[in-house]
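Chain by chain, the residues:
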Amino acid sequence: MKLINQIKVHQLIIWFSFLFFQLKSQDSISYFQQEVNYNIDVQLNDVAHTLHAFEKIQYINNSHTTLNFIYFHLWPNAYKNNQTALAKQLLKQRNTTLYYSKPEERGYIDSLNFKINGKPVKWEYDKDHIDICKVYLNEPLNYKDTIIITTPFFVKIPDAKFSRLGHTNQAYFITQWYPKPAVFDSEGWHAMPYLDQGEFYSEFGSFDVKITLPKNYVLASTGDRIDEDDEDEFLNNKVIETINHLENNTRKRDGMQFPASSSQTKTIQFRQYRVHDFAWFADKRFYVLHDQIQLPNTKRIVDTWAYFTDKNFDLWKESITYLNESTLFYSFLNGDYPYNHVSAVDGTIMAGGGMEYPNITVIGDLNNAFDLDVTIAHEVGHNWYYGILGSNERKYPAMDEGLNSFYELRYIKAKYPYKKLSDYLGRDSTFKLFGLNTIPYWKDKETAYFISAKERSDQPINTASEDLTQFNYGSIIYSKTPIVFDYLMEYMGESNLDKAMQFYYERYKFKHPKPNDLATTLSYFSGIDLKWFLNNLILSDKKIDYKLSKVKRQKDGSYKLIVKNKQNTVIPFNVTAFKNNKMIGQVWNNGFEGKDTVAFPIADVDYFKIDGRDLMPDINRNNNFIKTNGIFKKSKPIKLKFLAQYDDAKHCQISYIPLLGGNYYNGIMPGVLLHNYSFFEKKFEYKLAPMFGLKSKTLAGSGQVNYHIYPKNLFQSIELQSNLKLYNYDEVDFGNTNKLYGTDFKTFDLTYYKFTPSAQLTFKKKKQTNPTNHSINIGSNILFIDSVRIENDLNSSYYKANLYTINNSVNRIIYLIENNRIINPFNLELTVQQNAHMAKAFAVFKYKLNVAKNKDFGVRVFAGTFLYGKDWAKEYYRFRMRAHNGSDDYLFESNFLARNLNSNFGNTQINEADGYFKVPTPLGQSNSWMAAVNLTSPNFYGFEGFLDLGTTNPGYLFNDKILYNAGVSLHLFKGFISVHYPLLYSKDIKTVMELNSIQAIEKLRWSFNLHKLNPKKFIKNSLF
Ligand SMILES: [Zn+2]
C-alpha cells in the first residue's frame, strides 16, 4: 500500500476536519486561564548585590472556582540553604556547588509583607519548600473578580554558578526573581519548588517594570522600553562603538574589567503584554549590536539585539545574523513572532548552554560559531515553545524542549546540511577517527537516544522533568522527541506537518496547551489516526525493530519482501529500493505485528532497505537491508578500523588497537585488541586480545564476549558474559639445584587458563532516578593451572619432573547493592564461593563519609567465614589479613605483573581483598573466619592516611587479639595507581618483620585500579 497516495486522498478530509475542529473546539471546551498583571519597581544595589523592590499584582480569577488562597513562588529562596529542592536535585546530579557553598554566595528573598486591596493578610511558607508560600485571601475571590496584591521584597542575588538567577561580580542575570502566583488551571494549583532540571509554568498577563540602577549599565530585558530618549541614545552610542570596533578590528581596553559604577542612577521602564515571565540582565561591559527584520506573514518590523562581552567578542560578531535568521525561520514555520524585539545576552551563567525568557535569552560560553548559532536559534525558538505556547514544562518537558529541539534539528538540517559529527569534537571532516567525519551532524540527537535506548535505560517522552535521569533529560526530551517528530514529518509530509503546527500555534498561542491538544491537532491534519505515534513513541518507551528477512522476485519483475517486526511495536515504515546506491522508489506500510509480506512494484533493484533515509528510530538497523541477488543476500563486507568506529549498519565492523602487554613470566607481549565495541551497547559484544610473550615464546592473552538480554519484568538487563585468560604465572627451575636427579630436569614455564562464564542480572528500578542499584552475578571461575610433580621413574631409576594440570574451579554468586550518590555513597557486596571441597561466604561493605567538598572518610568492613570444607581446602582457600599479592590471588582474578615472584618488586603489587592490610604480613591467615575494618582519611593532594584493624579465629595470631596497621597511601593518576606505606603496626607484625629482617623499602605496596577507567561513562559524560 502506498501511503503517500493515501495522504493525497485525505487532503480534502483534512480541510473539512480543520473547519469542524475549529467550530467544535471553541464552544465545547471549558478552558480557562487566570490573568496576572504585574507592576514592579526594583532597584539594583551593585555593591551588596541585592534588589529592593515593590510589587503590585492584579489577579483576575477566570475560573469558576472560588479561591480562598493563592500559592506564590518565592524562587530566590531556592538558593537559601542546602536543603531546598534545588540543592537536593543538584546533589542528585552529583553537583555539590550549592551544597558546599559559602553563606555569602547563596541567595534568598525576604522583607515580604503581602496586602490585598490594601489590607494585610495572613500568609505562610509551604512546610516542605521555603521557595513556595500560601497567601490567604481576606475575602473569597469569585469568578471574574479582581484583587490587587502588593508586597515589598528584598532579594539577595546568589552567585551565578548555581543555576539561573545570579551575579558574577557586577554582571547580573535577574531571572525568577519576584513573588509570582503559581498557575491555577482545570487541574488545580501548580505550586512547585524551583529546580534546575525542570522548567516552568506560569500565568499569562502583562508586566510593567521599572528598573533603577547606576547610569552606565547596559540593560537588556523582557518588554518594550517606554519613552526613554536618553536610554535610546545611550544604546545607540554603544551600537556605534561596537560597529567601530568590528570594522576597525579593535577592542576595548581592559574589556573584561568592570568599570566603576556611575554615582548617578537611571530608571528604565519596560512593558510587555501577553507574556508569562520577565527577566533582565545588566552589565557595564556589554558590546551591543542592533538590527531589524521584517516578518514573513504580517510584514511587521521586529528589532533584534545582541549584548556580549569582550571575552566572546570574536564569536559574537555574527550573532545578530543568527538572531535574524532564527526569528525568521521560526516565524515562517510556525507563525509570526508577536512581540517587538528578540534579544540575546552573552552570560557565563551556565557553561555551554542557554536559557530562555520572553523576548530575551542568555547564552553561556560556547566553543565555536556553529554552536553559538544553534544555541541562539534554540533559545529564540523558545519564544514559540515556552513563551507563546505556555505549556506546563515541568510536567511535559517534551512540549517545549522536545518540540523546540525538533525545530532546532530542522534549522541545522536546513542551514548546515554538510556539517559532520566530527564537528562535535571541534574537528572538521579530516578527523577520521571513529568515522565521525562521515556522519551528518544532526545525527547527534539520534546518537544520544540510541545510547540510552540500546542499553534499555531510556524513559518515555511523556515523563515529568524531575523523574527523568539527567542523561535521559537530554537523550529523551532533547533527542528522542525531535527524531520521532522528524519521522512523523517523513510520514505525514512536510507541508502537512507545518500546516498542523501553524494551526496549533494560532489556536493555542498565549494559552496553556496540553499534550492532548497537540495530538488532536496533528491527527486532524494528517487525516490519519496517529494513535501509533502517541502510544508507541510518546507515551511509552517501546523500541522499534523491523527486519527485512527475505526478498523474492516475482515472474513479472515485481518483488515480494518478507518483513518481521522483532519488537512488535507497530508503526508505519517504508521499504526503499536502491539502484547503484541511489533511491529509486519507496513503499509505505502501516505496520503489523509478527511477520508479513510487502509487495514492491516492477523495478530493477540492487538492494532494499527498511527506512531508506534512516529516520525511523529503529534500534537495530543492521537487519534493515537485503540484496536482491547472490547467495548471501544479507552479507556485509568486513571493515577493519583502528581504535573504534561509529556504528555502520552496512558493514561488519571490527576495530583493532595494537597492544603492548607484559608480565614477568611471559615477558613483553606485543599483541592486538580486536573488538566490536562502539558508541552503543550491542546485543553481542566481544573483545579479544591475543598477544605473544617474547620471553615465554608462547601465545597469551585474554578475551571477553557479552550477550545482552532485556527482560520485560524484574530485571533491567541480563548480561551473559564469558571471560577467557591465558598467561604464564610462574616458573620452576630445577636446572642447577637438582643436578643430582639427572638430565630430565629443566626449567618449567607454568601456565594458567581461566574461563569465567557468568550471568549479571541487574534489577529494574521502580524509579529510574533512584541512585541505588541491585544486581546479582552468578558464575564460575573455571581455572586450570599447571603444576610440577617429581616422580620416580621406575624403569630408568631416574627421578623425573612432570608437568600436570590442576583444576581449581570455583563457583561464585555475588549480590551487589550500590549507591553512587555523591554525598556518602556506599555499596555492599555479598559473596559465596563454592566448589566440591569447600564453601566460603564473605561480605564487604564500603561507605564514604563526606565531610567537605571532595573530602571523605572511607570505611570498609570485611567479614567472612567458611561454610564447610575439607581441611586442605580451607587451607588453600584461606582468608588473609593482608591485601592479596599475586600468590594469594587463588582465583587468578587480577592482573599481576609478577604473580609468584617472591623477591624485590615481585610481591609488592597488591589487590584489595579480605582484611586488606597494606602491611606485608603472613600473620592473620584463617581457615575459619575473619573480620576487618579499613579506615581512610580524606585525600590531600593525593595523600591519604589509612588504618586497618582485624581479628580472626584464635591460633592464627601470635599474642595480639587484634592486629592493626596504619600508614599513608598516595593515589596517582586519579587513583589509577596507588602506593601504600605502613608506618605503625601491631607488636606481633613487627616481631615477624624483624624475624624475617624485612627492609624499610620492602614494606612498600602498590596497586593498579583498572576499574577507574570506564570508556562508556566517558562517552555518556561528554555528551551532555
Ligand atoms: Zn531549551
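Residues numbered from 1 in each chain as written. Predicted model: local features only at pLDDT ≥ 70, side-chain atom pairs only at ≥ 80, totals over all residues. Heavy atoms only, no water.

Asks: Tell me about the overall build of the chain, and name the residues and values.
Replies: Scanning the chain from N- to C-terminus turns up 15 helices and 51 strands. Taking all 1024 residues of the chain together, 54% fall into the buried category. A separation threshold of at least 6 residues defines the contact pool for the chain, and within that pool the share at least 24 residues apart is 66%. Entry remark: accessible area of the chain is about 45,400 Å², with carbon and sulfur atoms responsible for 55%. Where the 120 positive side-chain charges of the chain centre and where its 105 negative ones centre are 7 Å apart. (Helix = DSSP H or I, 4+ residues; strand = E, 2+ residues; numbered from the N terminus. Buried < 20%, exposed > 50% of the residue type's maximum accessible area, 1.4 Å probe, protein only. Contact = heavy atoms within 4.5 Å. Areas by Shrake-Rupley, 256 points an atom, 1.4 Å probe, with all protein chains shown as cover. Lys, Arg positive; Asp, Glu negative; His and termini not counted. Charge placed at Lys NZ, Arg CZ, Asp CG, Glu CD.)

Asks: If you had to explain the coordination of the zinc ion to someone new, which residues and values would you point to?
Replies: Tetrahedral coordination by four donors places them ideally at 109.5 degrees to one another around the metal; octahedral coordination by six donors ideally gives 90 or 180 degrees. Here the zinc ion is held by H378 (NE2), H382 (NE2), E401 (OE) and E401 (OE), and the distances to it run 1.9 to 2.7 Å. Geometry at the zinc ion is irregular, judged from its four donor atoms and the angles of 54 to 158 degrees they form at the metal. Mapped onto the sequence, the residues coordinating the zinc ion show the spacing H-x3-H-x18-E. Per residue, the accessibility class of H378 equals that of H382, and both read buried. (Donors = N, O, S within 2.8 Å, 3.2 Å for Na, K, Ca; no water. Tetrahedral: all angles 85-135°; square planar, octahedral: opposite > 155°, others 65-115°.)

Asks: Quick one: what's the story with the packing of aromatic side chains, residue by residue and with numbers?
Replies: The tally for this structure, following the rule as stated, stands at 84 aromatic pairs. Plain terms: the ring middles of F845 and Y847 are 6.4 Å apart, the flat faces sit at 15 degrees to each other, and that makes the pair stacked. The class for F845 is partly exposed, based on a relative accessible area of 32%. Geometrically, the ring pair formed by W1006 and F1008 is edge-to-face, given 5.4 Å between the ring centres and 85 degrees between the ring planes. For K695, the ring lying beneath its charged end belongs to Y664, and the centroid distance is 3.9 Å. Over the aromatic face of F879 sits the side chain of K840, whose NZ or CZ is 4.4 Å from the ring centroid. (Phe/Tyr/Trp six-rings, centres within 6.5 Å; stacked < 30°, edge-to-face > 60°. Lys NZ or Arg CZ within 6 Å of the ring centre and 35° of its normal.)

Asks: Explain the sheet that holds strand 28 (residues 582-589) to me, using residue names and the numbers behind them.
Replies: Neighbouring strands of a sheet are bound in pairs by backbone hydrogen bonds; such pairs are parallel or else antiparallel. Overall, antiparallel pairing links the four strands, which are arranged 28-27-30-31 in an open sheet. Looking at which strands have only one partner, the edges of the open sheet turn out to be strand 28 and strand 31 (625-627). Between one strand axis and the next, the sheet turns through 20 degrees on average, direction left out of account. The pairing of strand 27 (residues 573-579) with strand 30 (residues 607-610) spans four bridges and is antiparallel. Across the sheet, T576 pairs through a bridge with K609, a residue of strand 30. (Pairing = 2+ DSSP bridges. Axes fitted to C-alpha atoms, helices over the stretch in contact; angles between N-to-C directions.)

Asks: Help me get a handle on the sheet that holds strand 10 (residues 166-168), residues and values and all.
Replies: With respect to topology, four strands assemble into an open sheet ordered 10-11-19-16, the strand pairing being antiparallel. Of all the strands in the sheet, just strand 10 and strand 16 (218-221) have a single pairing partner and so form its edges. Each strand of the sheet is rotated relative to its neighbour by a mean of 10 degrees, with strand direction disregarded. Here three bridges tie strand 10 to strand 11 (residues 171-174), and the two strands are oriented antiparallel to one another.

Asks: Could you give an account of the nonpolar core, with specific residues and numbers?
Replies: Counting 193 residues, the largest nonpolar core has W177, W280 and F608 as the members making the most contacts within it. Per-element accounting of this core gives the leading share, 12 residues, to helix 9 (residues 470-492). Sequence-distant contacts of W177, that is, excluding residues within four places in its chain, are made with I40, V42, L51, P76, I109, F153, V155, L165, V209, F278, A279 and W280. If you look at the next biggest cluster of nonpolar residues, it comprises 22 residues, including V844, M881, Y890 and L891. (Core = buried A, V, L, I, M, F, W, Y, C linked by side-chain atoms within 4.5 Å.)

Asks: Quick one: what's the story with the pairing of strand 28, residue by residue and with numbers?
Replies: Relative to strand 28, strand 27 runs antiparallel, the two sharing seven bridges. Within strand 28, the position partnered with K579 by the bridge is K582. Hairpin geometry of strand 27 and strand 28 is characterised by an intervening segment of two residues between the two adjacent antiparallel strands and by a positive phi of about 50 degrees at N580.

Asks: Talk me through the pairing of strand 42 (residues 826-835); I want residue IDs and the actual numbers.
Replies: Across nine bridges, strand 41 (residues 810-819) lies against strand 42 in antiparallel orientation. Looking at the pairing, E818 lines up with N827 of strand 42. Strand direction decides the pairing type here: strand 42 and strand 43 (residues 838-852), joined by 10 bridges, are antiparallel. Across the sheet, V832 pairs through a bridge with A841, a residue of strand 43.

Asks: Tell me about the packing of helix 4 (residues 319-334) against helix 10 (residues 494-508), residues and numbers included.
Replies: Following both chains from N to C, one finds helix 4 and helix 10 inclined at 95 degrees, their axes separated by 8 Å at the closest point. The pairing of helix 4 with helix 10 is recorded here as roughly perpendicular in orientation. Here F332, L333 and N334 of helix 4 lie close against helix 10, whose contacting residues are D498, M501, Q502 and Y505. Taken together, the residues of the contact of helix 4 with helix 10 break down into four nonpolar, two polar and one charged. (Parallel < 35°, antiparallel > 145°, perpendicular 65-115°, else oblique. Nonpolar A, V, L, I, M, F, W, Y, C, P; charged D, E, K, R; others polar.)

Asks: Tell me what's going on with unusual backbone geometry, and back it up with residues and numbers.
Replies: Phi at N117 is positive, roughly 50 degrees, even though this residue is not glycine. Within the secondary structure, N117 is located in the loop between strand 5 (115-116) and strand 6 (119-120). Here the phi dihedral of D914 falls at roughly 45 degrees; this positive angle occurs in a residue that is not glycine. Inspection of the secondary structure puts D914 in the loop between strand 45 (879-880) and strand 46 (925-926). A relative accessible area of 5% places D914 in the buried class.

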